[in-house]
Amino acid sequence: MSSVADLRNENASFGDERFRLLVEAIRDYAIFMLNPEGRILSWNTGAERIKGYRADEVIGKHFSIFYPEEDIRRGKTEMELEIAKREGHFEEQGWRVRKDGSQFWADVVITALRDESGRLYGFGKVTRDLTKRKLTEDMLRLSMEQLEEENKCRIEAERSAREAEVSVRELSQRLLQLQDEERRRLGRELHDSVGQLLVGAKMALGALASEKGRQNWEQQLADYGALLDLVMREVRTMSYLLYPPMLEEMGLRTAVESYLDGVRQRSRIQIDFQIAKDFGRLPRETELALFRVLQEGLTNVHRHSGSPTAQIRLRMENGEAVLEVQDQGKGAPAVDFKLGTDCIGALGVGIRGMNERVRQLGGKLEVFSSARGTTVRATVPLQTSAGKDWNASAAVSGV
Ligand SMILES: Nc1ncnc2c1ncn2[C@@H]1O[C@H](COP(=O)(O)OP(=O)(O)O)[C@@H](O)[C@H]1O
Ligand SMILES: [Mg+2]
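Below is a short write-up of the structure. (Residues numbered from 1 in each chain as written. Chains lettered and ligands numbered in written order. Predicted model: local features only at pLDDT ≥ 70, side-chain atom pairs only at ≥ 80, totals over all residues. Heavy atoms only, no water.)

Considerations on helix α5 (residues 76–87)
Point 1. Given a rise of 1.5 Å per residue, twelve residues ought to cover 16 Å, and the 16 Å separating the end C-alpha atoms of α5 matches this to within 8%.
Point 2. When we look at burial in α5, the residues that qualify are Lys-76, Thr-77, Glu-80, Leu-81, Ile-83 and Ala-84. Each buried residue of α5 sits inside an arc of 160 degrees when the element is viewed along its axis, so together they form one side.
Point 3. Those residues of α5 that are buried are in contact with β1 (30–34), α4 (69–73), β2 (89–97), β3 (103–114) and β4 (120–129).
Point 4. One or two positions beyond α5, positive phi appears at Gly-88, with a value near 95 degrees. (Helix = DSSP H or I, 4+ residues; strand = E, 2+ residues; numbered from the N terminus. Expected span 1.5 Å × (residues − 1). Buried < 20%, exposed > 50% of the residue type's maximum accessible area, 1.4 Å probe, protein only. Arc of directions from axis to C-beta. Contact = heavy atoms within 4.5 Å.)

Here we look at the sheet that holds strand β8 (residues 364–370)
Point 1. Taken in spatial order, the five strands make up an open sheet running β5-β6-β7-β9-β8, and their pairing is mixed. If you trace the sheet from one side to the other, it starts and ends with β5 (270–275) and β8, each paired once. Here the average twist between neighbouring strands, direction ignored, is 10 degrees.
Point 2. Taken together, the eight bridges between strand β6 (residues 309–317) and strand β7 (residues 320–327) define a ladder with antiparallel strand orientation. Looking at β7, one finds that Glu-317 is bridged to Glu-320.
Point 3. Each of β5 and β6 is contacted by helix α8 (residues 247–266), which is oriented at about 170 degrees to β5, the strand it contacts most.
Point 4. Helix α9 (residues 284–305) contacts β5, β6, β7, β8 and β9 (373–381) of the sheet and is inclined by roughly 10 degrees relative to β7. (Pairing = 2+ DSSP bridges. Axes fitted to C-alpha atoms, helices over the stretch in contact; angles between N-to-C directions.)

Notes on the packing of α8 against α9
Point 1. Contact geometry of α8 with α9 gives a least axis separation of 10 Å together with a crossing angle of 10 degrees. Relative to α9, the element α8 lies roughly parallel. Contacts between α8 and α9 involve Leu-247, Glu-248, Gly-251, Leu-252, Ala-255, Val-256, Tyr-259, Leu-260 and Val-263 from the first element and Arg-284, Glu-287, Leu-288, Leu-290, Phe-291, Leu-294, Gln-295 and Leu-298 from the second.
Point 2. Its residues assigned to classes, the contact of α8 with α9 comprises twelve nonpolar, two polar and three charged. (Parallel < 35°, antiparallel > 145°, perpendicular 65-115°, else oblique. Nonpolar A, V, L, I, M, F, W, Y, C, P; charged D, E, K, R; others polar.)

Quick notes on helix α7 (residues 217–242)
Point 1. With 26 residues, α7 extends 37 Å from end C-alpha to end C-alpha; this agrees with the ideal 38 Å at 1.5 Å per step.
Point 2. Turning to α7, its buried residues number three or more, namely Leu-221, Gly-225, Leu-228, Met-232, Val-235, Thr-237, Met-238, Ser-239, Tyr-240, Leu-241 and Leu-242.

Overview of unusual backbone geometry
Point 1. Although it is not a glycine, Asn-318 sits at a positive phi angle of roughly 50 degrees.
Point 2. Summarising the element assignment, Asn-318 is placed in the loop between β6 and β7.

Focus on the coordination of the magnesium ion (ligand 2)
Point 1. Protein coordination of the magnesium ion (ligand 2) is provided by Glu-296 (OE) and Asn-300 (OD1), with donor distances spanning 2.1 to 2.4 Å. On the criterion of helical spacing, the pair formed by Glu-296 and Asn-300 is a turn pair, its members being four residues apart in helix α9.
Point 2. You can call Glu-296 buried: its relative accessible area is 11%. (Donors = N, O, S within 2.8 Å, 3.2 Å for Na, K, Ca; no water.)

Observations concerning the nonpolar core
Point 1. One finds Leu-252, Tyr-259, Leu-298, Ile-312 and Leu-365 to be the most contacted residues of the largest nonpolar core, which totals 47 residues.
Point 2. Residue contributions to this core peak at eight residues, all from α7.
Point 3. Listed in part, the 23 residues of the second largest apolar core include Leu-34, Trp-43, Phe-63 and Phe-123. (Core = buried A, V, L, I, M, F, W, Y, C linked by side-chain atoms within 4.5 Å.)

Here's the deal with the pairing of β4
For a regular strand, side chains alternate in direction, first toward one face of the sheet and then toward the other.
Point 1. Summarising the sheet, β1 and β4 pair through five bridges and their orientation is antiparallel. Paired with Leu-34 across the strands is Phe-123, a residue of β4.
Point 2. Count of turn residues in the β3/β4 antiparallel hairpin: five residues, of which Gly-118 carries a positive phi of about 95 degrees.

Some words on the sheet that holds β4
Point 1. Strand order in the open sheet formed by four strands is β1-β4-β3-β2, with antiparallel pairing between adjacent strands. A single partner strand is all that each edge strand has here, and the edge strands are β1 and β2. Neighbouring strand axes in the sheet, compared pairwise and without regard to direction, differ in orientation by 25 degrees on average.
Point 2. Judged from the nine bridges that link them, β2 and β3 form a sheet pairing that is antiparallel. Residue pairing for β3: Arg-96 is matched across the bridge by Phe-104.

Geometric values such as these leave the question of function open.
Rendered as structure tokens:
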């Protein structure tokens, strides 16, 4: 076994040489020395491998041969040595040039070397080739940026889709509101002006009838009279079908009963109304929506079905209000009543409007039609968000 003193001795005699061999053998780092002016004094395997020059090609040359022309013109090499001299060392990452002119991304450390008296005798330079790592990092950064960009686009697209949905919703709500107002106006107009005009026309015809005329004159006038009677009844029925009852004050049950009484008096349809005993008041919008479905449904029975009978049913089922308007008319086999989420078929405004109203309350509208008749069914859940809020605040105030 060798003593510590032995080892120290051995180190002193062989240290320098062994260290030189070690540095020369290193492959992954270019390690070499420069004199104070920047001329190359030594060269190792790593330097040869990374930069492509053999020792005899570079020894004595200025180290600026490793720099892009632009850097040399800007005096970068002098500046690096200046900094190393002043601060002890200089460090950076940047592009360097190989013997074959190709560039590599280098991690460079230049260290000033001084003797014991502090005199500068040269520089040590260690360079690593980080091209692969830099390319990987650049690619990673690029794909991160792309990802971020795509994410932004996606969020933007989602946002505008949501906005579009909201504006369609608002639009359809506004349309339904306008429809309500329009109906009110139409109903009044039909009754006040058209109805009165028809009465006047009939009276005029009656006056004419008393005058002597040509053959069959009386018969013709009587026919006109009968025709006008028909028109008057039709107008009365239509205006009543459109007429908005005192829904808010009376509630759905009473409003429907009195509405149907009016329709029965004015039309020839025999209407049967069944309402569950426990059917009480519902939220305002639900009652209005159900009433509009009833009006529209019954108007369709009157206008399209030719049915002499109709049944209206109102009941609660699994926490949902259910309204059915059924007739025994000729049906509408040609009409596609499939009411999906996007109801853009060739349907009329009436059924689409009913569908939209019911959907706004989280419910659904179904239409079944065959040659033996048509049934419209509206189902509206009562646990709407508004209802929940009401329950919650009631519970709180009960504490
Ligand atoms: N009860 C019914 N009996 C027969 N056909 C009906 C009935 N309800 C609706 N339809 C048919 O469906 C179509 C669409 O109805 P709707 O959406 O209310 O529009 P509109 O009444 O304005 O025509 C009607 O034109 C009619 O052909
Ligand atoms: Mg209609």
